[in-house]
Amino acid sequence: MALLEVEDLTVEFYTEEGVVTAVEDLSYRIERGEKFGVVGESGAGKSVTALSLMRLIESPGRIASGEIRFKGEDILELSEREVRDLRGNEVAMVFQDAQTALNPVYTVGEQIAEAIRHHLDYDDREARERTVQLLDEVGIPEAETRYSDYPHEFSGGMQQRAVIAMALSCEPDLLVCDEPTTALDVTIEAQILDLIEELADEFDVAVQLITHDLGVIAKVCNRVMVMYAGKPVEKAPVEELYYDPKHPYTVGLMSSIPRVGDERDRLRTIPGTMPDLVELPPGCSFHPRCPYAEEVCTLEEPPLLDPETGAAAIETTAHSAACLEWAGKLEAGLDYEVEIRDDEDTHRNPARAEGSDD
Ligand SMILES: Nc1ncnc2c1ncn2[C@@H]1O[C@H](COP(=O)(O)OP(=O)(O)OP(=O)(O)O)[C@@H](O)[C@H]1O
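Residues numbered from 1 in each chain as written. Predicted model: local features only at pLDDT ≥ 70, side-chain atom pairs only at ≥ 80, totals over all residues.

Going by this rule: UniProt positions are given in the numbering used here, feature names are shortened, and annotations may be inferred rather than shown by experiment.
The protein chain is annotated in an unreviewed UniProt entry as Oligopeptide ABC transporter ATPase component from Halalkalicoccus jeotgali. Turning to the protein chain, the UniProt annotation filed under Subcellular location (unreviewed entry) states: "Cell membrane".

So, in structure tokens, the structure goes:
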């Protein structure tokens, strides 16, 4: 049994414009200790997915259908009290903005110690000791002294480290990080990502890392799900996604990975914007922006398929993509080439999209 199993999750928001289907029929699973990335543009449904895991979707939204099983138990069936126990204790979350996670009127140390006392039944002294130890582990210098600092006395990067310490304080099995580094500058971003990766291994905690940046996923994750307009369009081990992407949207996202000193001609960024979620385009939601779209793409919605066999993807399918190409339905096929640039050299990816014309 996987640690987390999300099955056919659909989340809707009732707005004046109509019903927004923010997440539709979404399925994925995360194994114990796995680092799982969720990537897509703004509005893809990444945060809504994360909030659903914590059962934090609020009106006008609701989880319309699906199951979210954590250690085999459907969290949608739990009582409010049971969900509160789950949050923080077994599933912890780190958001983009550390400031909203920290209460300005308590010292950083007190807040973490309070979480420890609440969840782990430690006395004051034990909680304080554990807090200092955690602050030290997340790289806060002079942890003993900084325990008594208020959040505003910490820099943005230090605040995010403290939030990570708080998230890990109750030894969760799953850490959900929603754009944890977006508010930070690039050097600090790299440090925080390294920290998340190191701590995930050290604490043996699985991570669901949400970002709009494939470069961030590359640094941290083992497996990735690409989302577009509320649905998964590609799932793959990270290396495979980079070397052999099977969905045109993924290829478009790759062009926006910033690399220092990267002089190569970029693949075009994807023109256009995400469709209106109240009224999705017919057929494949991505077709209005897809350079390879054909008439069939306006008519048929592509399921997730195994690109090797064209069979419907099941949970054990390692690499799947929702493009009609893999159902053998495109006449001209996909024709893209991915250029990978390593630190030392640049080489063309040998893996071209199968079924390409030339
Ligand atoms: N409170 C809300 N009320 C109405 N619609 C909402 C609400 N929250 C989310 N949505 C809808 O769900 C869509 C997906 O939102 P979500 O926050 O999950 O996107 P995201 O992929 O996390 O993007 P971002 O990177 O901008 O956070 C939004 O575009 C919006 O249409």
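### Observations regarding the packing of helix H7 (residues 156-168) against helix H8 (residues 186-203)
As a reminder of what qualifies: Geometry is summarised by axes, namely lines fitted to C-alpha atoms with helices restricted to the contacting stretch, and by angles between N-to-C directions that run from 0 to 180 degrees. Starting at the N terminus, helices and strands are each numbered in turn, a helix being any DSSP run of H or I of at least four residues and a strand any DSSP run of E of at least two. Any angle from 65 to 115 degrees is called roughly perpendicular, while one under 35 is roughly parallel, one over 145 is roughly antiparallel, and all others are oblique. Two helices crossing with the near one rotated counterclockwise from the far one by less than a right angle form a left-handed crossing, whereas a clockwise rotation gives a right-handed crossing. Note on contacts: each residue gets a C-beta atom placed from the backbone, and two residues are in contact if those atoms are within 7 Å. All residues other than Ala, Val, Leu, Ile, Met, Phe, Trp, Tyr, Cys, Pro, Asp, Glu, Lys and Arg, Gly among them, are scored as polar; the first ten of these are nonpolar and the last four charged.
Here H7 crosses H8 at 15 degrees, and the two axes come no closer than 11 Å. Here H7 is positioned roughly parallel relative to H8, judged by the angle of their axes. Along this stretch, H7 crosses H8, giving a crossing that reads as right-handed. Across from Gly157, Gln160, Arg161, Ile164 and Leu168 in H7, the residues of H8 making contact are Ile188, Gln191, Ile192, Leu195, Ile196, Leu199 and Phe203. Here the residues of the contact of H7 with H8 are counted per class, giving eight nonpolar, three polar and one charged.

### Considering the packing of helix H4 (residues 108-120) against helix H5 (residues 124-137)
Relative to each other, H4 and H5 sit at 120 degrees, their axes nearing to 9 Å. If you check the angle between H4 and H5, you find them oblique. For the pair H4 and H5, the sense of crossing is right-handed. Across the interface between the two elements, Gly109, Ile112, Ala113, Ile116 and Arg117 from H4 touch Ala127, Arg128, Arg130, Thr131 and Leu134 from H5. Per-class residue counts for the contact of H4 with H5 are five nonpolar, two polar and three charged.

### Some remarks on the pairing of strand E2 (residues 18-30)
Going by this rule: Two strands make a pair as long as DSSP finds a minimum of two bridges between them.
Note that strand E1 (residues 4-15) and E2 share nine bridges and pair antiparallel. Each bridged residue has a counterpart across the sheet, and for tyrosine 14 the counterpart in E2 is valine 19. Connecting E1 to the next strand, E2, in antiparallel fashion are two residues.

### Some thoughts on the sheet that holds strand E10 (residues 231-237)
The strand order across the open sheet formed by seven strands is E6-E7-E8-E3-E9-E10-E11, and the pairing between neighbours is mixed. Every other strand in the sheet has two partners, leaving strand E6 (91-94) and strand E11 (320-321) as the edge strands with one partner each. Of the strand pairs in this sheet, strand E9 (residues 223-228) and E10 are connected by six bridges, and their pairing is antiparallel. Looking at E10, one finds that methionine 225 is bridged to lysine 235.

### Concerning H8
To keep things clear, this is the line we draw: Here the expected span of a helix is defined as 1.5 Å times the quantity of residues minus one.
Along its 18 residues, H8 runs 25 Å from first to last C-alpha, staying within 8% of the 26 Å computed at 1.5 Å per residue. Next to the buried residues of H8 lie strand E3 (35-39), H7, strand E7 (174-178), strand E8 (206-211) and helix H9 (214-220). Backbone geometry just after H8 places aspartate 204 at a positive phi near 50 degrees.

### Examining the environment of aspartate 213
Relative to the assigned elements, aspartate 213 resides in the loop between E8 and H9. Counting along the chain gives 174 residues from aspartate 213 to valine 39, while the straight-line C-alpha distance between them is 6.7 Å.

### Observations regarding the sheet that holds strand E5 (residues 73-74)
Pairing is antiparallel across the open sheet formed by four strands, whose spatial order is E2-E1-E4-E5. If you trace the sheet from one side to the other, it starts and ends with E2 and E5, each paired once. Relative to strand E4 (residues 61-70), E1 is paired through eight bridges, and the arrangement is antiparallel. Pairing of glutamate 7 across the sheet is with glutamate 67, part of E4. Of the strands in this sheet, E1, E2 and E4 touch helix H1 (residues 46-53), which is tilted by about 65 degrees from E2.

### With respect to the environment of aspartate 123
Tracing the chain through its elements places aspartate 123 in the loop between H4 and H5. For the pair aspartate 123 and alanine 113, spaced 10 residues apart in sequence, the C-alpha to C-alpha distance is 9.5 Å.

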